[in-house]
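# Fold and geometry: a report
What follows is the residue order along each chain.
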Amino acid sequence: MSWTPSSWRTFPIKQQPTYPDQEALKKVEKELSAYPPLIFAGEARTLKEKLAQVGRGEAFLLQGGDCAESFANFNSPNIKNLFKLMLQMNMVLMYSTGKPIVKVGRIAGQFAKPRSSDFEEIDGVKLPSYRGDIINGMDFTSEARVPNPENMIKAYNQAAATMNLVRAFARGGLADLNRVHQWNLDFIKDNPLGQKYDELSKKIDNSMKFMAACGLTSDITPQLHQTTLFTSHEALLLNYEEALTREDETDQKWYDCSAHMLWIGDRTRNLTEAHIEYFRGIQNPIGCKVGPSMGEDELIELIDALNPENEEGRLNLIVRMGASKIQEFFPKLLKRVRDEGRHVVWSCDPMHGNVEKTSNGFKTRNFDNILSEVEQFFAIHKEMGTVAGGIHLEMTGNNVTECTGSKSCPLTENDLTSRYHTQCDPRLNASQALELSFMLGDIIKN
Ligand code: PEP
Ligand code: CO
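Residues numbered from 1 in each chain as written. Chains lettered and ligands numbered in written order. Predicted model: local features only at pLDDT ≥ 70, side-chain atom pairs only at ≥ 80, totals over all residues. Heavy atoms only, no water.

### Focus on the nonpolar core
Threshold: The set of buried Ala, Val, Leu, Ile, Met, Phe, Trp, Tyr and Cys residues whose side-chain atoms join them within 4.5 Å is what this entry labels a nonpolar core. Only protein chains enter the calculation, and the probe is 1.4 Å; a residue is then buried if its accessible area is under 20% of its type maximum, exposed if over 50%, and partly exposed in between. Runs of E in the DSSP output that reach at least two residues are strands. Runs of H or I that reach at least four are helices, and both are numbered from the N terminus.
Counting 113 residues, the largest nonpolar core has Tyr240, Leu299, Leu317, Trp346 and Leu428 as the members making the most contacts within it. Per-element accounting of this core gives the leading share, 10 residues, to helix α3 (residues 76-97). With 10 residues, the next largest nonpolar core counts Leu61, Val102, Phe230 and Met261 among its residues.

Have a look at this one:
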């Protein structure tokens, strides 16, 4: 039962690359393990406290970002647009729930992807699948698809620079509540959704004026001037995570310092395998995806393996069943966890169970299915008397065409060709994500 950052290595493991050059891999692991951590353990503890509030229904969790970050799309506008979108959604949700919103980005480390097949075949040519930029390249050539350990160094550096900018935005004034109008993204500004957001901004402006008259201005009230965006990713590539696992001086416990929060994917959550072994030993708040194949006993065992002290805020179960399956598979799991008194933070990922393939060959998700899964998730919690804690989305602050449907940006299958930019799964564009936030606000209010 003894745990070390490397004890996962003696367990079976899924979804990993086979590095042809083991010496090069070792060299990179050694180098990374000497690099500075990307987060401070105290921040992970703060997030855990905030998630404990979410679990009790005192706050709401908004987690979102790219399906996969990439080296090619690494630039300031992409980070800034996602940050602004998060702030907008934060405003909408805070206004309608009357609760603080805990913001967690799929950002600064979301590089490794589980794949449904180890190989990809195009026109009779069969190559290893793309597993995310931290592992290999997306180009369909045999050179690009060879796993390269050096990509871990590049991913670390990109994560560090991303984190640096996110911290600057969060603390440097962009998040000041006097700037709510400026968060409106250019391509949404003039449509009815942008106008709806503008109306909300005006109400916030009035509140700010009122508070300023009371003497509460943002220059003396940090809560009005700053925010926090925590970071998270799927800790799939354990070589990278192990190298960034550090013992904290304060509590002499181990933290994965690659992000504030890490989660286990639906395909790597087997109880007897490496990911569970690694996760049980780190003190960060953690997540685990829960898909339709999860059994009731299995779920209780999983909770007890990952959170043996039944600590509040430690474990986020991210439900991703699909709109057509959630009613069949989720209530019995929820009832069991409720009846057994386990503390978990429940959130809804309405993306990963709702993937479909269009006739013209695109992977997409339809807005109505996404919304439907969210609605059902909340209704099931209401029925059960439990807390629907949050939402987990794949989204971008850019004007992409990857998911179909929605009122504000009613894309059809034929529109997908125009700006389909995702590295992996289809994301909500900023307009679709903002629209979903308004609808979510209404669901929560009612
Ligand atoms: C993801 O969140 O990008 C993902 C792969 O999800 P899941 O493990 O739920 O399929
Ligand atoms: Co995805």
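### Let's talk about the sheet that holds strand β8 (residues 261-264)
For clarity, the threshold we go by: Here the rule is simple: two strands pair whenever DSSP picks up at least two bridges between them. Note on definitions: angles span 0 to 180 degrees between N-to-C directions of axes, and those axes are lines fitted to C-alpha atoms, for helices only across the stretch in contact. Should any heavy atoms of two residues lie within 4.5 Å, those residues are considered in contact.
The strand order β1-β2-β5-β8-β9-β10-β11-β14 describes a closed barrel built from 8 strands, whose pairing is parallel. Sheet twist, expressed as the mean angle between neighbouring strand axes with direction ignored, is 25 degrees. In this structure, strand β2 (residues 101-106) lies alongside strand β5 (residues 230-234), joined through 3 bridges in parallel fashion. The residue of β5 that forms the bridge with Val104 is Phe230. Contacts from helix α12 (residues 367-384) reach β1 (60-65), β10 (315-319), β11 (345-348) and β14 (390-394), with the element oriented near 150 degrees to β11.

### Considerations on the coordination of the cobalt ion (ligand 2)
Keep this limit in mind: Donor atoms: N, O and S within 2.8 Å of the metal, or within 3.2 Å for Na, K and Ca. Because water is excluded, sites can look incomplete.
The cobalt ion (ligand 2) binds to the protein through Cys67 (SG), His352 (NE2), Glu394 (OE) and Asp425 (OD); the donor distances cover 2.1 to 2.6 Å. As a motif over one chain, the donors of the cobalt ion (ligand 2) read C-x284-H-x41-E-x30-D. With Cys67 in the loop between β1 and α3 and Asp425 in the loop between β14 and α13 (430-445), this pair connects stretches of sequence that are 358 residues apart. Asp425 carries the same exposure label as Cys67, and that label is buried.

### Here we look at the environment of Gly341
Within the fold, Gly341 resides in the loop between α11 (326-339) and β11. Taking relative accessible area as the criterion, Gly341 reaches 40% and is therefore assigned partly exposed. With 31 residues separating them along the chain, Gly341 and Asn310 place their C-alpha atoms 8.8 Å apart.

### Examining the site of ligand 1
Definition in use: Residue proximity to a molecule or strand is established when one non-hydrogen atom of the residue lies within 4 Å of it. Any pair of nitrogen or oxygen atoms within 3.5 Å is treated as a polar contact; in protein, a donor-acceptor pairing is required on top of that, and neighbouring residues in sequence qualify only through side-chain atoms on both sides. Under the convention used here, a 1.4 Å probe and the Shrake-Rupley method define accessible areas, while residue burial counts only the protein chains that appear. Charged residues are taken to be Asp, Glu, Lys and Arg, nonpolar residues to be Ala, Val, Leu, Ile, Met, Phe, Trp, Tyr, Cys and Pro, and polar residues to be all remaining types, Gly included.
Taken together, Arg106, Lys113, Pro114, Glu234, Trp263, Gly265, Asp266, Arg267, Lys289, Arg320, His352 and Glu394 make up the full set of residues near ligand 1. Between an oxygen atom of ligand 1 and a side-chain N or O atom of Lys113, the distance comes to 2.7 Å. A distance of 3.0 Å separates an oxygen atom of ligand 1 from a polar side-chain atom of His352. Contact with the protein chains covers 99% of the free accessible surface of ligand 1, which is 300 Å². Residues of the shell around ligand 1, tallied by class, amount to 2 nonpolar, 2 polar and 8 charged.

### Remarks on the pattern of salt bridges
Where we set the bar: Salt bridge, as used here, is a side-chain nitrogen of Lys or Arg placed within 4 Å of a carboxyl oxygen of Asp or Glu.
Scanning the entire structure with this criterion turns up 31 salt bridges. Ionic pairing is found between Arg9 and Glu242, a salt bridge with its closest N-O pair at 2.8 Å. Taken together, the residues span a long stretch of sequence, with Arg9 in the segment before α1 (22-34) and Glu242 in helix α8 (residues 238-243) at a distance of 233 residues. Exposure remark for Arg9: the relative accessible area of 40% places this residue in the partly exposed category. Given the relative accessible area of 19%, Glu242 is considered buried. The partner of Arg336 in a salt bridge is Asp297, with the nearest N and O atoms 2.8 Å apart. Residue Arg336 is located in helix α11, and its partner Asp297 is located in helix α10 (residues 296-306); the two are separated by 39 residues in the primary sequence.

### Things to note about the packing of aromatic side chains
This is how the line gets drawn: The rule is short: rings of Phe, Tyr and Trp, with Trp giving its six-membered ring, pair when the centres are within 6.5 Å, and they are stacked under 30 degrees, edge-to-face over 60, tilted in between. Any Lys NZ or Arg CZ found within 6 Å of a ring centre and within 35 degrees of that ring's normal is scored as a charge over the ring.
By the definition in use, this model includes 11 aromatic pairs. Seen from their ring centres, Trp3 and Tyr278 are 6.3 Å apart, and the 45 degrees between their planes marks the pair as tilted. Of this pair, Trp3 sits in the segment before α1 while Tyr278 sits in helix α9 (residues 274-281), and the two are 275 residues apart along the sequence. Both residues of the pair, Trp3 and Tyr278, belong to the buried class. Taken together, the ring pairs in this structure connect Phe60, Phe330, Trp346, Phe377 and Phe378 into an aromatic cluster. Sitting above the plane of the Phe119 ring, Lys126 keeps its charged end 5.0 Å from the centroid.

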